[in-house]
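Okay, here's what each chain looks like letter by letter:
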Amino acid sequence: GRIACWAEDFRRLRGYDEDAFPMGSQDVDLVLRLRALPESRFKKVKGSTHSQAIPNTREMKVACCSPHYGSLRWGRMDTTNRLVMGWRRDLHGSIVRNLDKEDIGVEAQAAADCS
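Residues numbered from 1 in each chain as written. Predicted model: local features only at pLDDT ≥ 70, side-chain atom pairs only at ≥ 80, totals over all residues. Heavy atoms only, no water.

### Observations regarding the nonpolar core
Note the cut-off: Only buried residues count toward a nonpolar core, which is a set of Ala, Val, Leu, Ile, Met, Phe, Trp, Tyr and Cys residues joined through side-chain atoms within 4.5 Å. Here's how the labels work: a residue is buried when its accessible area is under 20% of the maximum for its type, exposed when over 50%, partly exposed in between, all with a 1.4 Å probe on protein chains only. Here a helix means four or more residues in a row that DSSP labels H or I, a strand means two or more in a row labelled E, and each is numbered from the N terminus.
Membership of the largest hydrophobic core is limited to 7 residues, which are I3, L13, L30, V31, L34, L37 and I95. Considering each element in turn, this core owes the most residues, 3 residues, to helix α2 (residues 26-36).

### Quick look at the environment of F21
Keep this limit in mind: Between two residues, a contact is recorded if the distance between any of their heavy atoms is within 4.5 Å.
Along the chain, the position of F21 falls in the loop between α1 (7-12) and α2. Distance from F21 to N81, taken between C-alpha atoms, is 6.6 Å for residues 60 residues apart in sequence. In this view, F21 contacts Q26, Y69, L72, M77, T80 and N81; residues no more than four positions away in its chain are not counted.

### Details of the pattern of salt bridges
What counts here: One side-chain nitrogen of Lys or Arg within 4 Å of one carboxyl oxygen of Asp or Glu is enough to make a salt bridge.
Across all of its chains, the model carries 10 salt bridges by this definition. R89 is the partner of D29 in a salt bridge, and the nearest nitrogen-oxygen pair spans 2.6 Å. Of this pair, D29 sits in helix α2 while R89 sits in helix α4 (residues 74-91), and the two are 60 residues apart along the sequence. For the pair D29 and R89, one class covers both residues: buried. Within this structure, D17, D29, R33, R88, R89 and R97 form a network of salt bridges that share partners.

### A word on the side chain of Q26
Selection rule: Side-chain atoms alone can form a polar contact between residues adjacent in sequence; in general such a contact is a pair of N or O atoms within 3.5 Å, and within protein one must be able to donate a hydrogen while the other accepts it.
Summarising the element assignment, Q26 is placed in helix α2. Polar side-chain contacts of Q26 include one of 2.6 Å to the backbone oxygen of F21. Among the polar contacts made by the side chain of Q26, one reaches the main-chain amide nitrogen of G24 at a distance of 3.1 Å. Setting aside chain neighbours within four positions, we find Q26 in contact with Y16, A20, F21, N81 and M85.

### Remarks on the confidence of the model for the chain
Selection criterion: Scored from 0 to 100, pLDDT reflects the predictor's confidence in each residue.
Chain-level statistics for the chain give a pLDDT mean of 79 and a share of 73% at 70 or above. Averaged pLDDT values over the elements of the chain bottom out at 66 in helix α3 (residues 58-63) and peak at 92 in α1.

### Notes on α4
For clarity, the threshold we go by: Multiply 1.5 Å by the residue count of a helix minus one, and that product is the helix's expected span. By definition, the arc is the one covered by directions from the helix axis to the C-beta atoms.
Helix length check: α4 (18 residues) gives 25 Å between terminal C-alpha atoms against 26 Å at 1.5 Å per residue, within 8%. Taken together, the buried positions of α4 are occupied by M77, D78, N81, M85, G86 and R89. Buried residues of α4, seen end-on, are gathered within an arc of 150° and therefore sit on one face of the element. In α4, those exposed residues whose orientation departs by more than 90 degrees from the buried face are R76, L83, D90 and L91. Against α2 lie the buried residues of α4. Just downstream of α4, G93 is the residue with a positive phi angle, here 65°.

Right, dumping it as structure tokens:
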């Protein structure tokens with residue numbers, strides 16, 4: 001899903017969970033953590049002009065997935081991510097991610113560059 005939030009709020013949460021599988025539930029986890037963050041400002045932008053600024057086809061979603069994930073499909077990644085992220089949020093009250101990383105984010109590349 002596409003989410004618009006203040007960069008400051010995104011940084012306070014330390015972004016998406018980089019320990020998760022590359023597909024499934026990161027958007028849901030981010031929204032739930034934004035809701036738990038006092039005074040956060042965000043909006044799901046589904047269907048708006050802004051949500052189409054960056055193309056995101058199904059092919060592009062999986063084009064750069066590392067083969068080390070084996071033959072896991074989106075559904076399995078989504079289910080596992082939901083369980084682990086929910087456990088972190090609900091059982092441990094942890095809304096901040098990637099605390100063991102100096103910087104957050106990954107290098108972006110065009111899907112055509114993946115092979």
